[in-house]
Amino acid sequence: MGLTWNGPAIAARVRAAAHAAIAETIAEASQAAAADTWHRTGKAAESVEQHPRPVEDEGPRVIGRWGADPKHPAGWRYIFIEKGVEGRAGGHFLVRAADREYPHLLGRIRRRMR
């Protein structure tokens with residue numbers, strides 16, 4: 001009776017669960033940030049990536065990126081709405097969305113591992 005080592009299969013399952021959970025988390029955060037921006041023209045909401053870049057492997061890590069869309073004509077400017085400028089407080093719509101959604105990441109991974 002031998003021992004069957006399932007390490008690579010388990011690691012692949014965890015990586016797949018992480019990819020899907022991170023993609024879900026950044027999609028939810030993007031939607032929440034776009035809905036939460038206070039900028040009156042609606043352009044800041046449009047500048048938030050609604051289709052975030054694909055989740056990628058970077059060595060042993062699984063990485064997801066989202067935020068103000070650098071391809072949007074004014075996307076780079078709306079970071080100033082987020083951070084604040086010239087004595088005006090920032091809106092922090094990206095930070096608030098991340099604060100709401102990131103705590104759900106572990107649960108999303110667990111759900112996919114069942």
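It should be emphasised that the depicted structure is a prediction, and the values quoted were computed from it without experimental measurement.

Engineer: Teacher, can you tell me more about the nonpolar core here?
Structural biologist: General note: in soluble globular proteins, nonpolar side chains tend to be found buried as a group. Ala-33, Val-48, Trp-66, Leu-94 and Ala-97 are the most contacted members of the largest nonpolar core, which totals 15 residues. Residue contributions to this core peak at 7 residues, all from helix H1 (residues 7-36). Apart from residues lying up to four places away in sequence, Ala-97 is in contact with Ala-29, Ala-32, Ala-33 and Trp-66.

Engineer: Would you take a moment to explain the environment of Arg-65 for this structure?
Structural biologist: Residue position: Arg-65 is located in the loop between strand S2 (61-63) and helix H3 (79-83). Considered as a pair, Arg-65 and Ala-27 are 38 residues apart in the sequence and their alpha carbons are 10.0 Å apart. Reaching out from Arg-65, the side chain makes a polar contact with the side chain of Glu-58 at a distance of 2.6 Å.

Engineer: Explain the environment of Val-62 here, please?
Structural biologist: With respect to the helices, strands and loops of the structure, Val-62 is situated in strand S2. Linking Val-62 and Ala-16, residues 46 residues apart in sequence, is a C-alpha distance of 9.5 Å.

Engineer: Hey, could you run me through the pattern of salt bridges in this one?
Structural biologist: Close approach of charged atoms allows side chains with opposite charge to pair. Counted according to the given criterion, the structure contains 8 salt bridges. Notably, a salt bridge pairs Glu-24 with Arg-108, separated by 3.3 Å at the nearest N-O pair. With Glu-24 in helix H1 and Arg-108 in helix H5 (residues 105-113), this residue pair connects regions lying 84 residues apart in the sequence. By relative accessible area, which is 23% here, Glu-24 ends up partly exposed.

Conventions used here
Here the residue numbers are simple positions, counted from 1 along each chain's written sequence. In view of the model being predicted, local features appear only for residues whose pLDDT reaches at least 70, and side-chain atom pairs are presented and counted only at 80 or more, with totals across whole chains, interfaces and linings using the full set of residues. As a convention, hydrogens and water are excluded, and side-chain values are obtained from all of the structure's heavy atoms. Nonpolar cores were defined as sets of buried Ala, Val, Leu, Ile, Met, Phe, Trp, Tyr and Cys residues, with membership established by side-chain atoms within 4.5 Å. A 1.4 Å probe rolled over the protein chains alone gives each residue an accessible area, and that area as a share of the maximum for its type sets the label: buried under 20%, exposed over 50%, partly exposed in between. Secondary structure elements are defined from DSSP: runs of H or I of at least 4 residues count as helices, runs of E of at least 2 residues count as strands, and each element is numbered from the N terminus. We call two residues in contact whenever any of their non-hydrogen atoms come within 4.5 Å of each other. Any N or O atom pair separated by 3.5 Å or less is treated as a polar contact, with the protein-specific requirement of one donor-capable and one acceptor-capable atom, and with residues adjacent in sequence counted only for side-chain atom pairs. Salt bridges are defined by distance alone: a side-chain nitrogen of Lys or Arg within 4 Å of a carboxyl oxygen of Asp or Glu.

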